[in-house]
There are 2 protein chains.
Amino acid sequence: MGNSIKLENVYIASTGTVCGPLEYQGPLGSSFDKGFGDYHCGEDSFEKAERKMLRDSLDICLKREKLKQKDIDLYIGGDLLNQITTVNYLARELPKPFVGIYGACSSFCLSMAMSSLLIEGGFVDKVIAMVSSHNATAERQYRYPVEYGVQKKDTTTFTATGAISTLLTNQPTQVRVESITLGKVVDYSQDDPNDMGRAMAPAAYDTITTHFEDLKRSFQDYDLVVTGDLSTYGHKILKEMMQRHKIDVVHYNDCGCMLYDLQNQEVFQGGSGCACSGLVTMGHLYPMLKDKKYKRVLVVATGALLSPMMSAQKDTIPCVAHAISLEVVE
Amino acid sequence: MGNSIKLENVYIASTGTVCGPLEYQGPLGSSFDKGFGDYHCGEDSFEKAERKMLRDSLDICLKREKLKQKDIDLYIGGDLLNQITTVNYLARELPKPFVGIYGACSSFCLSMAMSSLLIEGGFVDKVIAMVSSHNATAERQYRYPVEYGVQKKDTTTFTATGAISTLLTNQPTQVRVESITLGKVVDYSQDDPNDMGRAMAPAAYDTITTHFEDLKRSFQDYDLVVTGDLSTYGHKILKEMMQRHKIDVVHYNDCGCMLYDLQNQEVFQGGSGCACSGLVTMGHLYPMLKDKKYKRVLVVATGALLSPMMSAQKDTIPCVAHAISLEVVE
């Protein structure tokens, strides 16, 4: 069997997108349902702030369809924190089963893909896929607390602050999940936790070319192909890899370059984190699909499966990319 | 829809079980495929030792069926380390897609359940579910490095050292996964990371009673019901909860009490960790099913979704339990 699976019965019914201050001030800010003016979101720790954003995104997503938490069959989610703390601790408030997934920044597409497969398999009718990331919680855990003011390397990306909940169902709507490709874990011997974009480009290359091969497609079959958070460096490397293999790259962008104004916002090489691909896809691309400005887009969320413990042991960084294809229902 | 799903086409084709020194010396030691005499397994860090055990379990599992890594459609796995380091770093060596899941010590049943659903849905033919835990890596991360010699509380459990790979297919074998129940996350306001058994008992109660209700069953419908790692305390609490609700408890045991000789091995209240339920199920119960000594067993892997960061913030501990029912194919 190939790594890609075509789907017939999976639709997007609703979403809720919540973001932090820089995302709200960015070029896509007005697309998001809610933006917080600071990183605390009225809570007394950054971890609780991230959880609040996720709770808010879930509330917005459900309210839009006049649903209650108990109307959902299953919740699937992940985030960047150790023990996927944000989703697991929020799941206490949910009256239905919860499945935790972890794919680092690729968790947005991974949660959407797994949710889609369980609906397509006929096991559940309504699933909510949820992810979040928060600049202050992720930076502290993976690198240094933001408050230290450590000087950043030129290759650094900026973890996006935001949370996204998406309701998937087997009832037809305007936009569907048309196919998915689950990614292989690859490792090109990169060992610098401050240069994730470059480390992840080969994973994106692998998943995109596998997707095209499995489904006999090319960039031309999509109005837009976006990677999750390769940043300007990784984005450039991915293009070079494609060109070296004589693959024509058109309609391609990276969510990390779309979420912020790279000239005027201090985000180094661009955005990263689960919320980066999640916010761009559900806040920006999904409305474009609903308005039929795009017919079909491929979202390839990239993840650096970095363990600070293994980096301390001088191990290199495994990376992965999972893809979902979203299409207008005619 | 209920939280339980009956399956028709999911079979166990092979397994590989690898354990550490105490598990090998324990009452089930001779059931495991391989036992290491120390915690280093010939590697220079405990994290790499855990990865080696997982790699060995995978090799044994594949070899038994004369399969190569590339013959598998999908790998699904989890472990206890931050960023599920063991599975993610091993996945670099795999030529096929990998899905990371996280349910703490419930990851054994969660990976088996998700693998089963993807096979039942017809998306993949062969999936390997893999989990591991290691006493030294988990204790350092969740509590204190073992070398500190911190005095243990009476309620403490002992993280099992081991790794389990299981091949699931849609081709009939002697034993099948007959049904699964995905668990809700519950929280009974327990905040002591040294008393996980008690915290998890309500999650086990919730999943077992939901399983029985959804499928109109009772303890009598199983030759054995095992929980994952409730330990002697949690095991007793679960029984009390059942009795309070007038549920007759028969054929019930806890993997944490079965894996070790609690009288003579220094494991406090019993075993815990993903490897605890994994080793007991695949090393001990699976052969009993193959030999038709049991007809049907219910495995309820329990997980404390504890984040040390949230415990430091005085938050309580969310817990979950996922169940799989294994049955002899007549």
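Check the entry above for the structure.
This is a predicted model, so every value here is computed, not measured.

Let's shift gears to the nonpolar core. I324(A) and I324(B) are the most contacted members of the largest nonpolar core, which has 233 residues in total. Setting aside anything within four residues of it in sequence, one finds I324(A) in contact with F108(A), C109(A), M112(A), A113(A), V177(A), S179(A), I180(A), V297(A), L298(A) and V299(A).

Glancing now at the interface of chain A and chain B. The partner chain B presents 55 residues to the 55 residues of chain A that form the contact. Counting each side, the surface lost to burial between chain A and chain B is near 4800 Å², with a carbon and sulfur contribution of 62%. The closest approach of N and O atoms between D315(A) and R51(B), which form a salt bridge, is 2.9 Å. Linking chain A with chain B are 23 residue pairs in polar contact (both at pLDDT 80 or more). Every element with two or more residues in the side of chain A that touches chain B is listed here: helix 2 (46–64), helix 3 (85–91), strand 5 (98–100), helix 4 (107–120), helix 5 (135–142) and helix 10 (308–312) of chain A.

For the rest of this paragraph, the subject is unusual backbone geometry. If a residue is not glycine, its phi is most likely negative; likewise, a peptide bond is most likely trans. Residue and element names in this part refer to chain B. Notably, H251 is not glycine yet its phi reads approximately 50°, a positive angle. Mapped onto the secondary structure, H251 falls in the loop between helix 7 (231–244) and strand 11 (252–254). Under the relative-accessibility criterion, H251 is labelled partly exposed at 40%. Phi at K314 takes a positive value of approximately 65°, unusual for a residue other than glycine. In this structure, K314 sits in the loop between helix 10 (308–312) and strand 14 (319–328). Of the residues examined, K314 reaches a relative accessible area of 71% and is grouped as exposed.

What follows concerns the packing of aromatic side chains. Residues and elements named next belong to chain A. With the rule as written, the count across this model stands at eight aromatic pairs over all chains. A ring pair is formed by F219 and Y252, whose centres lie 6.4 Å apart and whose planes are at 70°; its orientation type is edge-to-face. Taken as a pair, F219 in the loop between helix 6 (196–215) and strand 10 (224–227) and Y252 in strand 11 (residues 252–254) lie far apart in primary sequence, 33 residues in all. Here the two residues F219 and Y252 agree in accessibility, since each one is buried. Here the aromatic residues F212, F219, Y222 and Y252 are joined through ring pairs into a cluster of three or more. Sitting above the plane of the Y233 ring, R198 keeps its charged end 4.7 Å from the centroid. In this arrangement the basic side chain of R296 is found over the ring face of Y222, its NZ or CZ atom lying 5.4 Å from the centre.

What counts as what
- Residues numbered from 1 in each chain as written.
- Chains lettered and ligands numbered in written order.
- Predicted model: local features only at pLDDT ≥ 70, side-chain atom pairs only at ≥ 80, totals over all residues.
- Heavy atoms only, no water.
- Core = buried A, V, L, I, M, F, W, Y, C linked by side-chain atoms within 4.5 Å.
- Buried < 20%, exposed > 50% of the residue type's maximum accessible area, 1.4 Å probe, protein only.
- Contact = heavy atoms within 4.5 Å.
- Buried area = accessible area lost by both parts, 1.4 Å probe.
- Salt bridge = Lys/Arg side-chain N within 4 Å of Asp/Glu carboxyl O.
- Polar contact = N/O pair within 3.5 Å; in protein donor to acceptor, adjacent residues only side chain to side chain.
- Helix = DSSP H or I, 4+ residues; strand = E, 2+ residues; numbered from the N terminus.
- Phe/Tyr/Trp six-rings, centres within 6.5 Å; stacked < 30°, edge-to-face > 60°.
- Lys NZ or Arg CZ within 6 Å of the ring centre and 35° of its normal.

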